[in-house]
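What follows is the residue order along each chain.
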Amino acid sequence: MKIHYATGLGALFVVAIHILMRLVVPYTSSLEYDHVISNYHNFLYAVALEAILVLVAIHGFNGLRVILLELRQSTLWENGVSVATIIAMIALILYGTRTIIIANGIGL
Amino acid sequence: MKSLEFGNARENREGLRGWLDPSRYGWERFAYWAQRLTGVFLLIYFIGHVYETSSIAGGKDAWNLMLELTQTIWGHLFLILVIGTSTFHSVNGIRLILTEAGKGLGKPGRPDYPYHPSSLNRRQRSGIWIALTLAAVAMLYGTNILLGEH
């Protein structure tokens, strides 16, 4: 569970930064395309977004794995759940990273 | 012998029914159940959020189209629920980390009738109440920001 607690606390910290960045401007303005793109162009903020993506994905899918392992126990089930959640976690991280890279301008 | 072990394991396997059995509810049971439900809900939201924000890669029109779908009264009510569940999950999660570290558990004592578990003491219950109260406060704050626009 150490990885679950570490990613949970880490996610709490970077998500707090993410929310604070949204609260420094009026809510509607914070969603305007130009404002969002300017956020992505800020390298440190893009790194924070990547950290949120990785930490929350690990925490979320590991939590789901724990719940599913509590419900049922067998070698096949446990291995299947572990492999499926790791694949889903990697897929989500890759998909989110693609967005960050494109919006940051590296991929344009 | 092997089949007997397997049979016992199956008898003890209650699955979702055991998880949601309301006859066993106490505050700790409620917190256990709520932590898992909010966790699954937040994971679903997070996957949706990653997909939602990916529209930024499609340019201004794609982004604005996605905003039209999500920035509605129902979208905002959903976000208020996300604010409440994430606050509860975070604060209750911190309580669980502290508990696993041995904080707030109390001292072990002789089990006397009516067998109140020493681990479910005032500190633990306060932690659950603090998580619920902060979730309610965060939801009120979110409501003020999100529904203040309508």
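Residues numbered from 1 in each chain as written. Chains lettered and ligands numbered in written order. Predicted model: local features only at pLDDT ≥ 70, side-chain atom pairs only at ≥ 80, totals over all residues.

Draft legend 1. Quick look at the overall build of chain B. Helix and strand counts for chain B stand at six helices and zero strands. The linear arrangement of helices and strands in chain B, starting from the amino end, is α-α-α-α-α-α. Buried positions account for 17% of the 150 residues belonging to chain B. Across chain B, contacts joining residues at least 24 apart in sequence account for 72% of those joining residues at least 6 apart. (Helix = DSSP H or I, 4+ residues; strand = E, 2+ residues; numbered from the N terminus. Buried ≥ 20, exposed ≤ 12 C-beta atoms within 10 Å, placed from the backbone. Contact = placed C-beta atoms within 7 Å.)

Draft legend 2. The arrangement of the overall build of chain A in detail. The helix and strand inventory of chain A stands at five helices and zero strands. For chain A, the succession of helices and strands along the chain, N to C, is α-α-α-α-α. In terms of overall dimensions, chain A has C-alpha extents of about 50 × 30 × 20 Å along its principal axes. Split into buried and exposed, the 108 residues of chain A put 22% on the buried side. Counted over contacts in chain A with a minimum sequence separation of 6, partners at least 24 positions apart contribute 75%.

Draft legend 3. Inspection of the nonpolar core at higher detail. Among the nonpolar cores identified, the biggest contains 20 residues, and I52, V56 and A57 of chain A are the most heavily contacted of them. Here this core takes nine residues from helix α4 (residues 43-71) of chain A, the largest share from any one element. Residues contacting A57 of chain A, with those up to four places away along its chain left out, are M89, L92 and I93 of chain A. If you look at the next biggest cluster of nonpolar residues, it comprises six residues, including A31, F88, V91 and A131 of chain B. (Core = buried A, V, L, I, M, F, W, Y, C linked by C-beta atoms within 7 Å.)

Draft legend 4. How the structure looks around the interface of chain A and chain B. Taken together, the contact pairs 21 residues of chain A with 26 residues of chain B. Every element with two or more residues in the side of chain A that touches chain B is listed here: α1 (2-23), α2 (27-30), α3 (33-41), α4 and α5 (75-104) of chain A. A per-class count over the side of chain A that touches chain B returns 14 nonpolar, six polar and one charged. (Nonpolar A, V, L, I, M, F, W, Y, C, P; charged D, E, K, R; others polar.)

Draft legend 5. Summary view of the packing of helix α3 (residues 27-53) of chain B against helix α5 (residues 73-100) of chain B. All names here are of chain B. Following both chains from N to C, one finds α3 and α5 inclined at 130°, their axes separated by 9 Å at the closest point. If you check the angle between α3 and α5, you find them oblique. Both α3 and α5 take part in a crossing whose hand is left-handed. In contact with A31, A34, Q35, T38, G39, F41, L42 and Y45 of α3, α5 contributes V82, T85, S86, F88, H89 and N92. A class-by-class count of the residues in the contact of α3 with α5 yields seven nonpolar, seven polar and no charged. (Axes fitted to C-alpha atoms, helices over the stretch in contact; angles between N-to-C directions. Parallel < 35°, antiparallel > 145°, perpendicular 65-115°, else oblique. Left-handed = near helix turned anticlockwise from the far one by under 90°.)

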